[in-house]
Every structure is written in structure tokens, then in C-alpha cells.
Amino acid sequence: MEPALISPAKASLLGIPTVIFSVLIPVIGVALFTYIMAKRVAPLAFANPDFRFNRIRERAYRLLKYWLAQWKHPRYRTAGIVHIMLFAGFIILSVRSASLVIIGISEDFVMPGFGGSLGHIYNILKDYAATVVLVACVIAAYRRIVVKPKRYAVPEKYGKDHTSEAVFVLCMICGLIISESLFEASLAAAAVQKGVHAECLAPLSLAWIFRVSLSPVSLKTLQVLHVVCYYIHDLIFFSFLCFLPLGKHFHVITSIFNVWFMKLDKGTVKPVKWGVEDDQLDDLESFGVKKFEDFTWKHMLDFYSCADCGRCSDQCPANAVGRPLSPRFITIKARDYAFSHYPLKGNFKAEEPLIGGIYTEDEIWSCTTCGACEEECPLTIEYIDKMVDIRRGMVDEGNVPQSLQKPLSALEKRGNPWGKMEKKRSAWAADKEFKKECSVKLVEKGDTAETLFFVDSISSYDDRIQEITKSAAKVLTAAGTDFAVLGKLEKDSGHEVRRFGEEMLFQTLKEENTENIKESGAKRIVTADPHTYNALKKDYKNLPPVYHISEYIAEAVKSGKISLKSGDGNGKVYTYHDPCYLGRHNGMYDIPRDVLDAIPGMKRVEMTKSRDRSFCCGGGGLMLFYEPVEEQRMGQLRVEMAKEAGANVIVTTCPFCMVNMEDAIKTSGLEGEMEAIDLVELIQRHL
């Protein structure tokens, strides 16, 4: 049967067979793309190693969830839905675009598996997908040009925003959609005119609308349109492919790999160097990241994978209070560095130090390691490990903020940042009034118990936080728990020390604590500090099971070991503040709330930013001792959020949060209106 139109594989232009262009365009396009990618991969070849080749099933599951199912995108509803429309259309239409490349050489080519009924079904789906993508492009362009969400803005010191690039890419996508739809519609319109079989076009789709519009057009014009649209699509397709690695849209290529190699264990910190054991650290000549090439290949892949959506910075508490940190630009500045120092043309440029070159000192010290940026990123880009690695490099160079030098020195000498005597670590247990209600066993005196209550530094030495420690001991006693504390044998857990970048000091603290914990003979460990909980669970090895006190209380309430009396009322409305290292880093959101709700008559409300979007108090990473440049304290913002939710009591389960919340209530002038209390204190009051 005579075809309705001559295909690009058999057409000619000025006597030249167009199949020549069908071959040249892909060959040139693929060659250029290969060259660009080789240049882009070059920095990764010079990077440090990274171990990301384990737990294949888990990686496959997360790839399906975060990359294919776009799990995190709807967290920003409008932008997320638009992106899902674009992504789904991209996946569906990629089969058609790949087929078109070969159809220009062999007109009868059909992608394997897409013949017969499946092919007809795919063509209908493809037509609707093209229409959806075009609509999504229009919406996305409107948002970029007219709405201009604040998170897309770029401060003047960082250069210009990427609106023009984004709109250009949207135009290219529209060009692909329109040219493909016209290519198909012109063939269908010609078939109708000739009375031959035509592929069914999806009703009301873009291709269908074009076919109806082209019905009165002459066959000669349809023939020209058919061939011209094919080569427009071909040129845009390969131009788009080569353009992707040149800017922020590189994530279209790298995102699948970035998600596959994502970090699987939250709350952990990468080793100083993969392949180097803790007992070999003394053999290293240099610590941490000091120049770009010191990053691991995965972290460089992160830089390439950033979509510049601004979600990380939008959720970053440091950015919210005006600290000189925006996670988004931690990535973008590194990507710009890679592009400029590993150019597509010419030699690679000389290495430069990161601090003073790409980043500033204050920028790196401003991070609280809260994890809000990582939780929000739809492409699973990592920040905490990078920040810790850069800090390791700064500490190795002796570049430590003055306000942190004293607590670090005290930790080295006394095992706590206040420099207080080791024998005073258990002084809270010797308080006369407290001893009347509760007797605490001391491992330092030879006592033993099945449960070890690991108190840690702030809960041992801070006068206010000692009250939380005492309440925890009373609750453990009320539950009939046989427990003991290490006393002067206990050192700081080192959680903040490690995230500050002082790896060797952390290793020393870890070794001493591990030895004393094992010698205590305890079968389980309980702590009331999420930072301690995370350190013992994620940073230490071969310890007995570790529990946060809220887990212990929840189990005691459930089993009937403790019972709770009704709340006191008096117009109190409670809200629970999720500590970063209990919530985001360890996924413990429901247990503390269940404990709160177990108190009869408790009135509880949720803040807008709660659970995995909880707002950091500002206490992580030795920040209690740091004096950052900021417009407002994080704790003050958090107190405002609690007030807006209608609460007058903030409940937390972290001593660092307690310090910052109480301080924020005072500095905000809300004393008498609002109060902060730890969950274990509240439970102890209602026993």
C-alpha cells in the first residue's frame, strides 16, 4: 500500500537524500555529548573514594521510590505536581524520541515490544503524555516568569538566577512536543485525504488537535511539514542532550545515579576516608576536605545533580535566621567551580583551597547538622557529611572559631566542654532532697545493673538540665528499672565533637566510653539526650541496645509498669517540638507523641513545622558555644511558631532544645505566657 507521505528516510532535499541528515545529526550529537560527558566526569576521577556499592535491594527500592515515583516532590504541592507531569511525560516520550531517531534511517522501525496492540496503546498514551507535558511547561514558565517563588531567587553576591536557563529548557521541551505532534498529525491528515489507514490519534490530544487543524492543508504542504518537523525534532533532541551537562539541568542525566548511590543510614557521619579504619587515622597526613578534589566522587555527583529548586535553603533554619549559609549555594558554588576548573575546552586549572576560595568560614560553621536540607531534597543530595568533612579540614589546619577553642580544650582535658571535674559528673545524684526519693547506683563505686543510664555532659553539669536527669531517674525507678550510671567513668559521648570536625578527639572519647560501658556489664543503655542516643547508636560499635527515654516510657505505660494521672488543666495547651536527632535522624516521631497523649486530659496541638519538617532549635554541632552572625535566634522563631499554633507549653525531649527554648522565651519577652518542659519532667509530674 502506498504510504500517505514519504518518510524522512526516503525523502530528498534539493536532490540530496534526507537520510544523510538522519545519520549525521545523531552521529555528531552523540559524539559531542560523549566529549562533554568525558570532561564532566574528569573531576570524579580525581576525587576521594566512596563506598556505595552495597545493599542493592534497598538501593533499588529507594530508586523506585525517590526517582521513579518522585516521592518527595509533592511536599511543595504545585511545583511537585508540575514536575511529576514533566517527569512522567519525559519517561513515556523517551521511547518515542528514541524511535524517531531510527525511523529517520529505517521508516518501518518499531521499538522491540511495541508492535501490535501494545504499540497502539502506547501511541494513545504517548499523545496524552505529550499534551500533559506541554501544559506542564506552560505552568512552569508562568511560575518562573510571573509568580517567581522566593526560593528561586539568587542573592546578588551569588550572581544571577537561572530563570532564563529554565525558560530556555522549557521552550526546548515544547519544541520537542510540538514538532513530534506535528510530525504525526501531518501523516494522519494526509492519510485521511488519501483514504488510507491512519494511526488513531488520542482524542483531544495535541496531535489530534493538529490533525484536525491540518485537514484542509494540501498534501504537498503536509509532506514538507512532515519532513521539516522530523528534523526540527532531531536537532532539538540532540541539542537538548548536549545542553543538559552545561548547567543546572545536568540533574536530568545524573539524578538516577545520585539517588541509586544515596546515603542509606541517617544520623551517621562518613569515615574520615573510606578504606581507612579508625585505628589507622594516625597514619593519615591530612584530615578532611581542604580542596575540591578532596571530596568523594559521590559528593561531586551531588554537585552535578542539584536542580537549583531552593527547597533545601527554604527549609534551612540557619538560612531562615540570616546566618551566612544557604545549602543550595554550597552545592551550586561547588558545581560552578567544577565547570570553571575542569572546562570543556583547554587544560584543567590549578587547585585552590575551599575556604576563602569557594566558601567562607562563617558559612561552614553556621550549619547545625539538623538535616532539614537533606530531608527536603527530592534528589537525595547530602550536606552534613560535606560540612563535617570541610570542618575536619579546617580543624586540621588549626582554623577553629575562638568561642569554640575553650570547650574543645576542656573536652580534651576533662571529658566535658565546661571543663568541670570528673568527680562532679554524678553530683546531681547526691542531692539530699533527690536521694530521699530516688537512689542511683554508681558504676564508679562498683555497682552493677542491667540498664545503664548514660547521662552525658550537659545533663550532668548544667543546673537546669540536671532537673531533667533527676526526673529521668525517678521515672526509671517508678517503672521498676534496675539501672546505674557510670559517674566519673563517663565521658562526653562526642556527638557534637565529631560533627564539629574534631575526629581524633571523638575517637578518644568513644574508646574510653566503649570500654567503660562494656566493663559495666549492662545489657541495655537508656539516655534522655537525642544527641547521645544518636552517637551511641550510630557512631559507636558493638554496644548493648540503645534506647531513648521516651521509648522506655512508652513501653512502661503500655505494659502497665507506670500509670499516669490526669493533666492539671489550667488552660495549658501543649505542643511537641521534634528534636532533630530524635526525629529526622532517627525517625522517632510518634512515640513521644503517644507518651504525651497517654496523659489523660492532655490538650495538644501541632506546629506547622513538625515531624520531618521540624525547625531546629540551633543547638546542634557545639552551637551552644558558638556565636554566629544572625538576624534572629532559631529558638525565638520556634517559640513564635508554638505561639501561632495556640500552645503555651512547648514539650521537647532534648536538653539542648530545652536550653534554647527557655532562653528564647526569655529573650522574646514571653515569660509568664509560655513555658518549656521536657517530656520526662512532664511524665514524672503525672506519675
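What counts, and where the lines are drawn
Residues numbered from 1 in each chain as written. Predicted model: local features only at pLDDT ≥ 70, side-chain atom pairs only at ≥ 80, totals over all residues. Heavy atoms only, no water. Patch = residues over 30% accessible without salt bridge, like charges linked within 9 Å, V, L, I, M, F, W, Y side chains within 5 Å. Areas by Shrake-Rupley, 256 points an atom, 1.4 Å probe, with all protein chains shown as cover. Salt bridge = Lys/Arg side-chain N within 4 Å of Asp/Glu carboxyl O. Lys, Arg positive; Asp, Glu negative; His and termini not counted. Charge placed at Lys NZ, Arg CZ, Asp CG, Glu CD. Helix = DSSP H or I, 4+ residues; strand = E, 2+ residues; numbered from the N terminus. Phe/Tyr/Trp six-rings, centres within 6.5 Å; stacked < 30°, edge-to-face > 60°. Buried < 20%, exposed > 50% of the residue type's maximum accessible area, 1.4 Å probe, protein only. Pairing = 2+ DSSP bridges. Core = buried A, V, L, I, M, F, W, Y, C linked by side-chain atoms within 4.5 Å. Contact = heavy atoms within 4.5 Å. 1 Å grid on protein atoms, 1.4 Å probe; cavity = no way out; pocket = protein on both sides within 12 Å on 5 of 7 lines; lining within 4 Å. Points joined across faces, edges and corners; volume = space filled by probe spheres on them. Nonpolar A, V, L, I, M, F, W, Y, C, P; charged D, E, K, R; others polar. Axes fitted to C-alpha atoms, helices over the stretch in contact; angles between N-to-C directions. Parallel < 35°, antiparallel > 145°, perpendicular 65-115°, else oblique. Left-handed = near helix turned anticlockwise from the far one by under 90°.

A few words now on a positive patch on the surface. A cluster of like positive charges, contributed by Lys-420, Lys-423, Lys-424 and Lys-488, occupies part of the molecular surface. The residue Lys-423 is located in the loop between helix H16 (402-414) and helix H17 (432-437) in this model.

On inspection of all chains with the given rule, the structure shows 27 aromatic pairs. Aromatic pair Phe-237 and Phe-238: ring centres 5.0 Å apart, planes at 85°, arrangement edge-to-face. Taking the relative accessible area as the measure of exposure, Phe-237 reaches 23% and is therefore partly exposed. On the accessibility criterion, Phe-238 (8% relative accessible area) is buried. Judged by centre distance (5.1 Å) and plane angle (40°), the ring pair of Phe-292 and Tyr-337 falls under tilted. On the criterion of sequence distance, the pair formed by Phe-292 in the loop between helix H8 (251-260) and helix H9 (297-305) and Tyr-337 in helix H12 (residues 327-341) is long-range, its members being 45 residues apart. There is no split in this pair, since Phe-292 and Tyr-337 are both buried. Chaining the aromatic ring pairs together yields one cluster made of Phe-21, Phe-183, Tyr-230 and Tyr-231.

Before going further, it helps to examine the sheet that holds strand E9 (residues 604-605). One open sheet accounts for 4 strands, arranged E9-E8-E10-E11; its pairing is parallel. Edge positions in the sheet fall to E9 and strand E11 (675-678), since each has one partner strand and no second. The pairing of strand E8 (residues 574-576) with strand E10 (residues 649-652) spans 3 bridges and is classified as parallel. Within the sheet, the bridge partner assigned to Tyr-576 lies in E10 and is Val-651.

Bringing the pairing of E10 into the picture now. Burial along E10 is two-sided: the residues Val-649 and Val-651 and Ile-650 and Thr-652 are all buried. Relative to E11, E10 runs parallel, the two sharing 4 bridges. Counterpart to Ile-650 in the pairing with E11 is Ala-676.

Residues Phe-292, Tyr-359, Trp-428, Val-440, Val-651 and Ile-683 are the most contacted members of the largest nonpolar core, which totals 183 residues. The element contributing the most residues to this core is helix H5 (residues 163-194), with 13 residues. Leaving out residues up to four positions away in the same chain, Phe-292 has contacts with Pro-43, Met-300, Phe-303, Ala-334, Tyr-337, Ala-338, Tyr-342, Glu-352 and Leu-354. Core analysis: the second largest hydrophobic core is formed by 7 residues, Trp-67, Val-259, Met-262 and Leu-264 among them.

Leftover empty space is mapped by rolling, across the atoms, a probe with the size of a water molecule. In this structure, the largest pocket encloses a volume near 1300 Å³. In terms of lining, the largest pocket is formed by 50 residues, of which the most central are His-83, Leu-86, Ile-173, His-251 and Val-252. When residues of the lining of the largest pocket are traced back to their parent elements, those giving at least two are helix H3 (77-103), helix H4 (116-147), H5, helix H7 (219-243) and H8. At 14 residues, H3 tops the list of elements feeding residues into the lining of the largest pocket. For the lining of the largest pocket, the residue count by class is 31 nonpolar, 11 polar and 8 charged. Of the pockets and cavities examined, the second largest pocket occupies roughly 1000 Å³. Along the walls of the second largest pocket sit 34 residues, with Arg-96, Ile-103, Glu-107, Leu-187 and Glu-199 positioned nearest its centre. Breaking the lining of the second largest pocket down by element, the ones donating at least two residues are H3, H4 and H5.

Read across the open sheet, the 5 strands follow the order E3-E5-E4-E6-E7; overall the sheet is parallel. Sheet topology places strand E3 (441-442) and strand E7 (546-548) at the edges, where each strand pairs with a single neighbour. Bridge count for strand E4 (residues 451-453) against strand E6 (residues 524-527) is 3 bridges, and the pairing is parallel. Note on E6: the bridge partner recorded for Phe-453 is Val-526. Seen against the sheet, helix H19 (residues 463-478) touches E4, strand E5 (483-485) and E6 and runs at an angle of roughly 165° to E4. The strands touched by helix H22 (residues 530-539) within the sheet are E6 and E7, with E7 carrying the most contacts at an inclination of about 165°.

Turning our eyes to something else, we now look at the pattern of salt bridges. Close approach of charged atoms lets side chains of opposite charge pair. For the coordinates displayed, the defined rule picks out 51 salt bridges. With a closest N to O distance of 2.9 Å, Glu-503 and Arg-392 form a salt bridge. Of the two residues, Glu-503 is situated in helix H21 (residues 503-520) and Arg-392 in helix H15 (residues 384-396); the sequence distance between them amounts to 111 residues. For the pair Glu-503 and Arg-392, a shared accessibility class is recorded, and that class is buried. Here Arg-633 and Asp-663 are joined by a salt bridge, their closest N and O atoms 2.1 Å apart. Taken together, the residues Arg-633 in the loop between E9 and helix H25 (634-644) and Asp-663 in helix H26 (residues 655-667) connect sequence positions 30 residues apart. The structure contains a network of salt bridges with shared partners spanning Lys-270, Asp-389, Arg-392, Arg-498, Arg-499, Glu-503 and Asp-539.

So, on to the packing of H5 against H7. At their nearest, the axes of H5 and H7 sit 8 Å apart, and the two run at 150° to each other. Comparing the axis directions of H5 and H7 gives the class roughly antiparallel. For the crossing formed where H5 meets H7, the hand is left-handed.

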